[in-house]
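Read off the chains here:
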Amino acid sequence: DNQYMNSVKILFFRDLYTILWSLLFIIPGIVKGYEYRMIPYILAEHPDMEMKQAFALSREMMDGNKWRAFLSDVGNPGTLLCGSLLPSGGRHAL
């Protein structure tokens, strides 16, 4: 299915870009991780969206909201603790 492969490709590049930003410095990688955070939700609603559009829309949606998302993650340490025990590293638990 073409829409599935499109989603897989975009999510792969999201993770790749985040890793590459993290190799540069840790903080930019964290910022980019929050910037790309909405991509799975965008693809759930629009699985045929192009990669550049998905990244741009996620950036636009998270503009001014990265700090709130960070505080939401840090504000509930129980979720972070339980999530870190999952095999996925807790990435999908939040």
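Fair warning: this is a prediction, and the values are worked out from it, not measured in the lab.

Asker: Tell me about the packing of helix 1 (residues 2–24) against helix 2 (residues 26–35), and please be specific about residues and values.
Answerer: Where helix 1 meets helix 2, the closest approach of the two axes is 5 Å, and the angle between their N-to-C directions is 155°. As summarised for this structure, helix 1 and helix 2 are arranged roughly antiparallel, according to the angle between their axes. The chirality of how helix 1 crosses helix 2 is right-handed. Of the residues in helix 2, those touching helix 1 at Thr-18, Trp-21 and Ser-22 are Ile-26, Pro-28, Gly-29, Lys-32 and Gly-33. Of the residues assigned to the contact of helix 1 with helix 2, the class counts are 3 nonpolar, 4 polar and 1 charged.

Asker: Now, about the pattern of salt bridges: what can you tell me, with residues and values included?
Answerer: One pass over the structure, following the stated rule, counts 3 salt bridges. Here Arg-14 ties to Asp-15 by a salt bridge, and the two come within 3.2 Å at their closest N and O atoms. Assessed through its relative accessible area of 25%, Asp-15 is described here as partly exposed. In this structure, Lys-32 and Glu-35 form a salt bridge, with 3.0 Å as the shortest nitrogen-oxygen distance. Of the two residues, Lys-32 and Glu-35 both sit in helix 2, 3 residues apart, roughly one turn of that helix. The exposure classification of Lys-32 matches that of Glu-35, with both residues buried. When salt bridges that share partners are traced, they join Lys-32, Glu-35 and Arg-59 into one network.

Asker: Outline the nonpolar core, listing residues and values.
Answerer: The tendency in soluble globular proteins is for nonpolar side chains to be buried side by side. One finds Ile-10, Tyr-34, Tyr-36, Met-38, Ile-39, Ile-42, Leu-43, Met-49, Ala-54, Phe-55, Met-62 and Ala-69 forming the largest nonpolar core, which totals 12 residues. Going through the elements one at a time, helix 3 (39–45) and helix 4 (51–62) are the ones with two or more residues in this core. The residues contacting Met-49, other than those within four sequence positions of it, are Asn-6, Ile-10, Ile-42, Ala-54 and Leu-57.

Conventions used here
- Residues numbered from 1 in each chain as written.
- Predicted model: local features only at pLDDT ≥ 70, side-chain atom pairs only at ≥ 80, totals over all residues.
- Heavy atoms only, no water.
- Axes fitted to C-alpha atoms, helices over the stretch in contact; angles between N-to-C directions.
- Helix = DSSP H or I, 4+ residues; strand = E, 2+ residues; numbered from the N terminus.
- Parallel < 35°, antiparallel > 145°, perpendicular 65-115°, else oblique.
- Left-handed = near helix turned anticlockwise from the far one by under 90°.
- Contact = heavy atoms within 4.5 Å.
- Nonpolar A, V, L, I, M, F, W, Y, C, P; charged D, E, K, R; others polar.
- Salt bridge = Lys/Arg side-chain N within 4 Å of Asp/Glu carboxyl O.
- Buried < 20%, exposed > 50% of the residue type's maximum accessible area, 1.4 Å probe, protein only.
- Core = buried A, V, L, I, M, F, W, Y, C linked by side-chain atoms within 4.5 Å.

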